[in-house]
Amino acid sequence: MDWITHFTGLAGLEPGIRDRLVSRSRIVTLPQGTLLFGQGRSPETLFLLLSGTVRVQQVTGSGREIVLYRVHAGESCVLTTACLLAYEDHAAEGVAETDVEAVAIPRSVFDDLVATSQSFRNFVFSAYSRRFTDLFQVIDEIAFRKVDIRLAQKLLDLSDGQPRLKATHARLAAELGTAREVVSRQLQDFQRRGWVETARGEVTLTDPEALRALARAG
């Protein structure tokens with residue numbers, strides 16, 4: 001499988017560098033729920049996703065989860081990249097949100113190619129800068145956008161055009177970086193307005209247009 005073609009930034013690799021990368025990396029298949037990396041652990045592998053989604057989240061001392069971002073096919077994890085470059089342990093964890101197929105690049109190969117290939121360095125730092133923009137957006141939303149607006153947008157995003165989504169109040173709280181009780185109160189308010197109906201582990205969007213109007217207000 002010529003997986004290099006799945007990542008535009010690798011198209012310009014020198015032939016020798018390309019051969020080293022392919023021969024010294026491996027393709028892995030990981031089932032949904034697999035922990036790819038964990039907080040406090042030293043990164044030994046950079047994963048480039050071929051298919052599936054990885055959720056990157058931070059777990060606080062009290063056990064509360066905050067979703068930082070998701071890694072999709074054609075992308076890599078910027079926090080892993082940062083930890084590999086700085087020789088630091090992970091400050092977050094990555095969980096396979098779906099079944100995942102990925103290219104696993106060992107730390108030794110990563111170090112070698114960052115040191116010897118300008119094209120590979122460009123690929124690494126380009127992905128790094130793009131994802132940091134996303135992280136700043138997460139910080140901006142948590143700090144400055146009202147929870148009702150953020151929840152309305154998140155319900156629309158997670159439902160992906162469907163009328164019903166599977167999500168607990170705790171999961172929605174993790175997505176928004178807030179407390180479960182805050183989400184529960186806000187969902188009760190949305191239900192009183194006739195915008196949603198809630199049941200155990202799921203939310204039905206009864207008035208998605210009203211949610212869109214609120215999301216646009218932010």
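Cut-off values and rules
Residues numbered from 1 in each chain as written. Predicted model: local features only at pLDDT ≥ 70, side-chain atom pairs only at ≥ 80, totals over all residues. Heavy atoms only, no water. Helix = DSSP H or I, 4+ residues; strand = E, 2+ residues; numbered from the N terminus. Buried < 20%, exposed > 50% of the residue type's maximum accessible area, 1.4 Å probe, protein only. Lys, Arg positive; Asp, Glu negative; His and termini not counted. Salt bridge = Lys/Arg side-chain N within 4 Å of Asp/Glu carboxyl O. Polar contact = N/O pair within 3.5 Å; in protein donor to acceptor, adjacent residues only side chain to side chain. Contact = heavy atoms within 4.5 Å. Pairing = 2+ DSSP bridges. Axes fitted to C-alpha atoms, helices over the stretch in contact; angles between N-to-C directions. Domains from an automatic or database assignment. Buried area = accessible area lost by both parts, 1.4 Å probe.

Trainee: Would you mind going over the side chain of Glu-93 in detail, with residue names and values included?
Mentor: Mapped onto the fold, Glu-93 is located in strand β6 (residues 93–96). Arg-55 is the oppositely charged side chain nearest to the buried, salt-bridge-free Glu-93, at an N-O distance of 6.3 Å. Within the structure, Glu-93 has its side chain in polar contact with the side chain of Gln-57 (distance 2.7 Å). Apart from residues no more than four positions distant in its own chain, Glu-93 is found in contact with Leu-35, Phe-37, Gly-38, Gln-39, Arg-55, Val-56, Gln-57 and Val-59.

Trainee: Outline the sheet that holds strand β3 (residues 45–51), supporting the account with residue identities and numerical values.
Mentor: If you walk across this open sheet you meet the 3 strands as β1-β7-β3, and the pairing is antiparallel. Of all the strands in the sheet, the pair left with one neighbour each is β1 (26–30) and β3. Here the average twist between neighbouring strands, direction ignored, is 35 degrees. Along the sheet, helix α3 (residues 107–116) makes contact with β3 and β7 (100–106), crossing β7 at roughly 65 degrees.

Trainee: Which residues make up the domain arrangement of the protein, and what are the values?
Mentor: In many analyses, interface size is given as the accessible surface area lost on bringing the parts together. Entries for the protein in the domain assignment read domain 1 (3–116) and domain 2 (140–216). Distance between the C-alpha centres of domain 1 and domain 2: 30 Å. Counting from both sides, the interface comprises 7 residues of domain 1 and, opposite them, 8 residues of domain 2. Counting each side, the surface lost to burial between domain 1 and domain 2 is near 560 Å², with a carbon and sulfur contribution of 41%. If you sort the residues of domain 1 by the area they bury against domain 2, Arg-64, Glu-65 and Val-67 come out on top, with a joint share of 60%. Between Arg-171 and Glu-65 there is a salt bridge, and its shortest N-O distance comes to 3.1 Å. Along the contact surface separating domain 1 from domain 2 lie 3 residue pairs in polar contact (both at pLDDT 80 or more).

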